[in-house]
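A look at the structure
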Amino acid sequence: MSGTGSIVEVGAPSARSRALAVLRVRSRALALGVLPAALAVVLLSARMTGRLAGDPWPVVTLAVCIVAVLVLLVGGVFAAVVLRASPAVTPTVPLPEASAPDLYRLVRDLADRMDVPAPSAIALTPDCDSWLEDRTHAAHRRGGISGGRESEPGAAPVLVIGSPFLWWMRVAELRAVLAPVVAGTGPSAHPDIADARGFVRGLDAAVDVGSRPGLGWIGRPARLLLRLCQADAAEMERGVAAAASDRAQGVDYGLRIVAQEQVGLAYAGWDRLLTRVALPAWRMGRWPAHLDAGVVSALTELSRRDRLAEGFASRLGERPACDLLERPGVVDEAASLLAARLFHGGPAESGPDWSPVDWAAYPEEVVDRKWRAEAARLHGALDTLAVPAGPGPTLDRVLGYLGDGAGEGAAGEALAGLLSGDLAREERSAGAAASAGAGAGVARGADAVPLFPLQPPRSGRDLLADHVTAMVCAAAVDSADAAPGLDWLDGPVLLVGGERRADLAPRVLTLVEEGDAEPLRDWLAALGVRPEKPVRLV
């Protein structure tokens, strides 16, 4: 197997030439930094040989020497920051070889077939993507970010694999998808490309250092250098990708075309699972412990509903890629906890207010609690508005206030504003508690979570509709033959007689937006829900 980093594929010459262009930016910056010192040496030599005698040369020489010393000091500090600053590392779940020996064998076999160095390690990310990540920077070893073989100088990059791929894809599909990624270790080992990448990562880390108080002067030259080499660095990465793709042509090429369809399907199902199913649980202080297993259920349901996805579920009889793991359940749990941290900002570890929940317990422990918590918040807002209360927290109180006929939905404006304010205060309080638990200091890089917020803030009308829906569902559970349920694509749903009722939303919107409660009252009467009966709150 080649370990020299030789690159001869299509795109490799372009990648190397672009890498040299990036390195020329570094050389010019270095030359600019030593230029005053070189001029000072010339002036001192001329003074010592008597060629620059008399005024004003003594003063000019002294001034140039002072400027040279200052520039060297500033340049030395800047260069030290670029060399020592820790580049950003994606938070991942480490996957030691003992935990996935079959997966490591598959990856090494791919590397042997393409004659490239094998990745030094494998890690998982809770996202639908895969890439190579260099973790050999000395700052990573000093900070304990990476301490295995992958952190040794000159080690091959780490292969980061999207965890949903392991559960949804079959083994052959995963191998086909990973082939061009693993092939990237060949170009990555080329000295010029590795040097150029290290320089760009150092500048990016220096920009982050420049955001700290008192160090803003470091960020300005770092941003300038990044702008100067940005185009060449982007073209270098395109050339590396082209070279890797060319080298992977002979490995499962036909299957890769089919497997790419699974990548798009997995992304759609994963996004739906996070936003519709996981997010409500995270907001309740619970994190689903098996998201990757859940994405299989979500995608199977999608293939059942969507004609475009027909036939994809028939693949489930083949060997899944998660069989390459020794303990897939443990890995799934670790990836699910990391997903909650990245996409919601949850704690890095479980605790009394941040505990896992299994899918079987999701309806009772998440859906029912969510409905009753939102119903309690809704009645608290009504109390603030001094709306007359009945024998308890009843649905009649909500219907009577919102359907009072004072304009089209006019009653809901004040209520929506109160709900928005209450929810914002709760979120700020939760954020402050999380910051206090994490300790003092400013979170940066991977510690600044959530890195990828899932949804923009909801409008007041959306919040009001959600809370009214929750109140209706809680009343239906307490007084009719209804129960909380889980839909893999839509999240919390109301089940009546074991069947999902999807006709509630338009009636709630009519009440919230137009102030007309009659369609909702008719729906409740047909279902046998008693609006005058108090609802149990949390």
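None of the values given here were measured: they were computed from a predicted structure. (Residues numbered from 1 in each chain as written. Predicted model: local features only at pLDDT ≥ 70, side-chain atom pairs only at ≥ 80, totals over all residues. Heavy atoms only, no water.)

1. Observations regarding the overall build of the chain
- Helix and strand counts for the chain stand at 18 helices and nine strands.
- Burial analysis of the chain (538 residues in total) assigns 46% to the buried set.
- Counting only contacts in the chain whose residues sit at least 6 apart along the sequence, the fraction spanning at least 24 positions is 78%.
- Total accessible area computed for the chain in this model is approximately 25,200 Å², and 57% of it derives from carbon and sulfur atoms. (Helix = DSSP H or I, 4+ residues; strand = E, 2+ residues; numbered from the N terminus. Buried < 20%, exposed > 50% of the residue type's maximum accessible area, 1.4 Å probe, protein only. Contact = heavy atoms within 4.5 Å. Areas by Shrake-Rupley, 256 points an atom, 1.4 Å probe, with all protein chains shown as cover.)

2. Considerations on the pattern of salt bridges
- One pass over the structure, following the stated rule, counts 27 salt bridges.
- The salt bridge partner of arginine 372 is aspartate 478, with a shortest N-O separation of 2.8 Å. In this pair, arginine 372 sits in helix α13 (residues 362-384) while aspartate 478 sits in helix α16 (residues 460-479), placing the two residues 106 residues apart along the sequence.
- Residue arginine 500 pairs with aspartate 487 through a salt bridge whose shortest N-O separation is 3.4 Å. (Salt bridge = Lys/Arg side-chain N within 4 Å of Asp/Glu carboxyl O.)

3. Quick word on the packing of α13 against α16
- Direction vectors running N to C along α13 and α16 enclose 115 degrees, while the axes themselves pass 8 Å from each other. Both α13 and α16 take part in a crossing whose hand is left-handed. Judged by residue contacts, Asp368, Trp371, Arg372, Glu374, Ala375, Arg377, Leu378 and His379 of α13 engage Leu464, Asp466, His467, Val468, Ala470, Met471, Cys473, Ala474, Val477 and Asp478 from α16.
- Of the residues in the contact of α13 with α16, the class split is 10 nonpolar, two polar and six charged. (Axes fitted to C-alpha atoms, helices over the stretch in contact; angles between N-to-C directions. Left-handed = near helix turned anticlockwise from the far one by under 90°. Nonpolar A, V, L, I, M, F, W, Y, C, P; charged D, E, K, R; others polar.)

4. Concerning the packing of aromatic side chains
- Within this structure, the stated rule accounts for two aromatic pairs.
- Relative to tyrosine 362, the ring of tryptophan 359 has its centre 5.9 Å away and its plane inclined at 45 degrees; by these criteria the two rings are tilted.
- Judged by its relative accessible area of 16%, tryptophan 359 falls in the buried class.
- Between the aromatic rings of tryptophan 359 and tryptophan 488, the centroid separation amounts to 4.9 Å while the plane-to-plane angle is 75 degrees, which identifies the pairing as edge-to-face. Pair noted here: tryptophan 359 is in the loop between β6 (355-357) and α13 and tryptophan 488 is in the loop between β7 (482-487) and β8 (491-496), with a separation of 129 residues, a long-range link.
- Since its relative accessible area comes to 21%, tryptophan 488 is described here as partly exposed.
- Sitting above the plane of the phenylalanine 199 ring, arginine 26 keeps its charged end 6.0 Å from the centroid. (Phe/Tyr/Trp six-rings, centres within 6.5 Å; stacked < 30°, edge-to-face > 60°. Lys NZ or Arg CZ within 6 Å of the ring centre and 35° of its normal.)

5. Section: the sheet that holds strand β2 (residues 121-125)
- Spatial strand order, β1-β2-β4-β3: four strands in an open sheet with mixed pairing. In the strand order of this sheet, the two ends are held by β1 (93-95) and β3 (131-133), each with one partner. Taken over all neighbouring pairs, the strand axes of this sheet differ in orientation by 35 degrees on average, direction set aside.
- Here β3 runs beside strand β4 (residues 158-162); their pairing, made up of three bridges, is antiparallel. Counterpart to leucine 132 in the pairing with β4 is leucine 159.
- Against the sheet, helix α3 (residues 101-114) engages β1, β2 and β4, with an angle of about 115 degrees to β2. (Pairing = 2+ DSSP bridges.)

6. Thoughts on a nonpolar patch on the surface
- On the surface, a cluster of nonpolar side chains totalling about 490 Å² of accessible area is made up of Leu62, Ile66, Val69, Leu70 and Leu73.
- Mapped onto the secondary structure, leucine 62 falls in helix α2 (residues 57-84).
- Leucine 62 sits in the exposed class, given a relative accessible area of 54%. (Patch = residues over 30% accessible without salt bridge, like charges linked within 9 Å, V, L, I, M, F, W, Y side chains within 5 Å.)

7. Remarks on helix α17 (residues 505-514)
- Listed in full, the buried residues belonging to α17 are Val508, Thr510, Leu511 and Val512.
- Structurally, α17 contributes buried residues whose contacts are with α14 (395-402), α16 and α18 (518-527).

8. Digging into the pairing of β8
- As defined by bridge partners, β7 adjoins β8 across six bridges and the pair is classed as antiparallel. In the sheet register, glycine 485 faces β8, and the bridge partner there is valine 493.
- In this structure, the hairpin formed by β7 and β8 is closed by a connection of three residues.
- In this sheet, strand β9 (residues 499-500) lies alongside β8 in antiparallel orientation, the contact comprising two bridges. Paired with valine 496 across the strands is glutamate 499, a residue of β9.
- Following β8, the chain reverses through two residues before pairing antiparallel with β9; glycine 497 in that reversal takes a positive phi of roughly 60 degrees.

9. A few points about the sheet that holds β9
- Here three strands make up an open sheet; going across it, the order is β7-β8-β9 and the pairing antiparallel. Edge positions in the sheet fall to β7 and β9, since each has one partner strand and no second.
- Contacts from α13 reach β7 and β8 within the one sheet, and its direction differs from that of β7 by about 110 degrees.
- Contacts from α16 reach β7 and β8, with the element oriented near 130 degrees to β7.

10. Topic: unusual backbone geometry
- We note that aspartate 115 has phi near 60 degrees; this positive angle belongs to a residue other than glycine.
- Among the secondary structure elements, aspartate 115 is positioned in the loop between α3 and β2.
- At alanine 386, a residue that is not glycine, the phi angle is positive and equals roughly 60 degrees.
- Looking at the element boundaries, alanine 386 is found in the loop between α13 and α14.
- Overall, the relative accessible area of 62% leaves alanine 386 in the exposed class.

11. A short note on the nonpolar core
- With 115 residues, the main nonpolar core has Trp282 and Val468 as its most contacted residues.
- When sequence neighbours within four positions are dropped, the list of residues in contact with valine 468 reads Leu378, Val398, Leu402, Val508, Leu511 and Val512.
- Core analysis: the next-biggest nonpolar cluster, separate from the first, contains 24 residues, Val22, Val25, Ala196 and Val207 among them. (Core = buried A, V, L, I, M, F, W, Y, C linked by side-chain atoms within 4.5 Å.)

12. Topic: a negative patch on the surface
- Where like charges cluster on the molecular surface, the negative patch consists of Asp462, Glu513, Glu514, Asp516, Glu518 and Asp522.
- Structurally, glutamate 514 is set in helix α17. (Lys, Arg positive; Asp, Glu negative; His and termini not counted. Charge placed at Lys NZ, Arg CZ, Asp CG, Glu CD.)

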